[in-house]
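Chain by chain, the residues run as shown.
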Amino acid sequence: MIEHLYIHIPFCPNICPYCAFYKESAGRERVETFLDALLREADAWAERIRPKTIFLGGGTPSALSIPQFEKLLGGLHSRLDLSELEEWTIEMNPATVAADKAALLREAGINRVSMGVQSWDDAVLKSLGRTHDSEKAEESFLTLRQAGFDNLSIDLIFGVPAQSLESWRSSLERSLRLSPEHLSAYGLTYEEDTEFFSKLGRGEMAPDEGLEADQFELTSHLLGESGYLQYEVSNYALPGRESRHNSAYWAGKDYLGLGPSAFSTVGSRRWRNIRETGIYSETTLAGKTAIDFEEEVTEELKSRERAAFGMRTLMGVDKEDAKPWESDLLGMENKGLVSLTEGRWLLTPRGRLLADTVAEIFV
Ligand SMILES: C[S@@+](CC[C@H](N)C(=O)[O-])C[C@H]1O[C@@H](n2cnc3c(N)ncnc32)[C@H](O)[C@@H]1O
Ligand code: SF4
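Residues numbered from 1 in each chain as written. Chains lettered and ligands numbered in written order. Predicted model: local features only at pLDDT ≥ 70, side-chain atom pairs only at ≥ 80, totals over all residues. Heavy atoms only, no water.

(A) Spotlight on the overall build of the protein chain. On a plain count of helices and strands, the protein chain comes out with 14 helices and 17 strands. Taken over C-alpha atoms, the radius of gyration comes to 21 Å for the protein chain, in line with the 21 Å a tight globule of 363 residues would show. Scored against the burial criterion, the 363 residues of the protein chain give a buried share of 49%. Across the protein chain, the fraction of contacts at a sequence separation of at least 24, relative to all contacts at a separation of at least 6, is 69%. For the protein chain, the accessible area works out to roughly 16400 Å², and carbon and sulfur atoms hold 49% of it. For the protein chain, the centre of its 39 positive side-chain charges and the centre of its 59 negative side-chain charges are spaced 2 Å apart. (Helix = DSSP H or I, 4+ residues; strand = E, 2+ residues; numbered from the N terminus. Rg over C-alpha atoms; globule rule 2.2 N^0.38 Å. Buried < 20%, exposed > 50% of the residue type's maximum accessible area, 1.4 Å probe, protein only. Contact = heavy atoms within 4.5 Å. Areas by Shrake-Rupley, 256 points an atom, 1.4 Å probe, with all protein chains shown as cover. Lys, Arg positive; Asp, Glu negative; His and termini not counted. Charge placed at Lys NZ, Arg CZ, Asp CG, Glu CD.)

Put into structure tokens, the structure is as follows:
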């Protein structure tokens, strides 16, 4: 039985200039057809999944209207065995949170929300092309609390041009005042095919690596002081509030992805669904496979990926499992990036700054 389910909802009310996740603007007809297709795809897998975690990601799942949510959530409940479900997360954009929607989601069994606040500084929000301001973000957070959500996560982005260290500090402090159970702090990446990437190419934007490193260190320090565990390079949680879904993914467990562009890994197979929503819907509703890419995942590849993900987490990598990369790791140890502690290779605080470079030795 597959225990981890990801569902991709590809619609956004507004397209942010830095984001490369597969998404498009929502038209009503298109959403209805997409929901029919998604439920059809769920039908095909119903016998093989009993999820412990579900993650409704995007795009912006919270962009769906109440009737659309009723169709989606009702459809999932009637098709899937949810008797072992422990964690059901939905990603929400603060601009799309409302009390009636929050109540419906809670009633349907969703028990965790990850909200993309990005920053509490209105000037930074504007430069990120966000449609909400900090006041709306706070109101949305409180609305979710009032609806009974006791497991809330906030996404923040640092390394944004024109975002000073002080602006970042006050975003962290304002987040902490709301006491979320979980925080994700991502360094801005310039993803191909985004407006920011083009601006970078034209020299209209320039990353400041020194400032970004200071912001990263401040994050570990401030959140650590407040009792949050940096259980992965970009993720912080109060004890016991780590994301179970993402932890399963990093541990190399099987997962099924439904919806356009979603990846799945089951046994020795990995595949990706068609990216374009219209074609995904049409193909699925015609009873054909929505897969547009497939590969074999050998045991060797699995152990490389487990090591690369594991290295980014608090668990690190077991010394025995890391034998094939021992000489590289010893080189990294000499540079002060990793250390061997109680039989496990772990990132040092300096190594966390260069986590991607360290993880590269495994792939
Ligand atoms: C798929 S988005 C879903 C959240 C929701 N759509 C929203 O924007 O509020 C997940 C998170 O990825 C992060 N993200 C997206 N693109 C990024 C980038 N280029 N650099 C850093 N973080 C990024 C943002 O923090 C965002 O909240
Ligand atoms: S950051 Fe969120 S709202 Fe913005 S485009 Fe990406 S998925 Fe959509």
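(B) Here's a closer look at the domain arrangement of the protein chain. Domain parsing of the protein chain yields domain 1 (2–250) and domain 2 (300–362). The C-alpha-based centres of domain 1 and domain 2 are spaced at 28 Å. Residue-level contacts link eleven residues of domain 1 with nine residues of domain 2. For the pairing of domain 1 and domain 2, the buried interface totals around 940 Å² over both sides, and the portion due to carbon and sulfur atoms is 64%. Contact with domain 2 buries surface across domain 1, with Q230, V233 and W250 losing the most and accounting together for 48% of the total. Along the contact surface separating domain 1 from domain 2 lie one salt bridge. A salt bridge links E232 to R312; the nearest nitrogen and oxygen atoms lie 2.9 Å apart. Seen at the junction of domain 1 and domain 2, the total is four residue pairs in polar contact (both at pLDDT 80 or more). Put simply, the parts of the chain that give the side of domain 1 that touches domain 2 at least two residues each are α8 (209–225), β9 (229–232) and α9 (244–250). (Domains from an automatic or database assignment. Buried area = accessible area lost by both parts, 1.4 Å probe. Salt bridge = Lys/Arg side-chain N within 4 Å of Asp/Glu carboxyl O. Polar contact = N/O pair within 3.5 Å; in protein donor to acceptor, adjacent residues only side chain to side chain.)

(C) Highlighting the site of ligand 2. If you check the shell around ligand 2, you find C12, N14, C16, Y18, C19, K23, G59, T60, N93 and R130 and nothing else. Within the shell around ligand 2, the residues separate by chemical class into four nonpolar, four polar and two charged. (Near = heavy atom within 4 Å. Nonpolar A, V, L, I, M, F, W, Y, C, P; charged D, E, K, R; others polar.)

(D) Summary view of the pairing of strand β1 (residues 2–9). Counted residue by residue, β1 has seven buried out of eight residues, so it is predominantly covered. By the bridge criterion, seven bridges tie β1 to strand β4 (residues 49–58) in an arrangement that is parallel. Bridged to L5 within β4 is I54. In this structure, β1 lies alongside strand β11 (residues 256–258), joined through three bridges in parallel fashion. Paired with L5 across the bridge in β11 is L256. (Pairing = 2+ DSSP bridges.)

(E) Structural context of helix α6 (residues 165–177). If you check α6, its first and last C-alpha atoms are 18 Å apart, about what 13 residues at 1.5 Å a residue would give, namely 18 Å. Where α6 terminates, the next one or two residues include S179, which has phi positive at roughly 50°. (Expected span 1.5 Å × (residues − 1).)

(F) Seen up close, the sheet that holds strand β7 (residues 152–158). In spatial order, the strands read β9-β10-β8-β7-β6-β5-β4-β1-β11; together these nine strands make up an open sheet with mixed pairing. The open sheet has two edge strands, β9 and β11, and neither has a second partner. Ignoring strand direction, the axes of neighbouring strands in this sheet form an average angle of 25°. With three bridges joining them, strand β8 (residues 182–187) and strand β10 (residues 235–237) adopt antiparallel strand pairing. Along β10, the bridge assignment pairs H182 with A237. (Axes fitted to C-alpha atoms, helices over the stretch in contact; angles between N-to-C directions.)

(G) Structural context of the layout of surface pockets. Taken as a whole, the second largest pocket holds about 380 Å³ of empty space. What lines the second largest pocket is a set of 16 residues, and nearest its centre among them are A251, R306, G310, M315 and G316. At the level of secondary structure, the elements contributing two or more residues to the lining of the second largest pocket comprise α9, α11 (299–311) and β15 (317–318). Among the elements that make up the lining of the second largest pocket, the one with the highest residue count is α11 (four residues). Along the lines of polarity and charge, the residues of the lining of the second largest pocket split into seven nonpolar, five polar and four charged. Taken domain by domain, the lining of the second largest pocket gets at least three of its residues from each of domain 1 (2–250) and domain 2 (300–362). (1 Å grid on protein atoms, 1.4 Å probe; cavity = no way out; pocket = protein on both sides within 12 Å on 5 of 7 lines; lining within 4 Å. Points joined across faces, edges and corners; volume = space filled by probe spheres on them.)

(H) Highlighting the nonpolar core. In this structure, I7, L72, L73 and L144 are the most contacted members of the largest nonpolar core, which totals 82 residues. The leading source of residues in this core is helix α1 (residues 28–45), at eight residues. Each of domain 1 (2–250) and domain 2 (300–362) accounts for three or more of the residues forming this core. Not counting residues within four places of it along the chain, the set of residues in contact with I7 comprises L38, I54, F55, L56, G57, L76 and L258. (Core = buried A, V, L, I, M, F, W, Y, C linked by side-chain atoms within 4.5 Å.)

(I) Seen up close, the site of ligand 1. In the neighbourhood of ligand 1, 19 residues make up the surrounding shell, with Y18, Q118, R130, D155 and T189 lying closest. One of the side-chain nitrogen or oxygen atoms of Q118 is found 2.8 Å away from an oxygen atom of ligand 1. Between T189 and ligand 1, the recorded distance is 3.0 Å, taken from a backbone N or O atom to a nitrogen atom. Here ligand 1, which alone exposes 570 Å², has 92% of that area covered by the protein.

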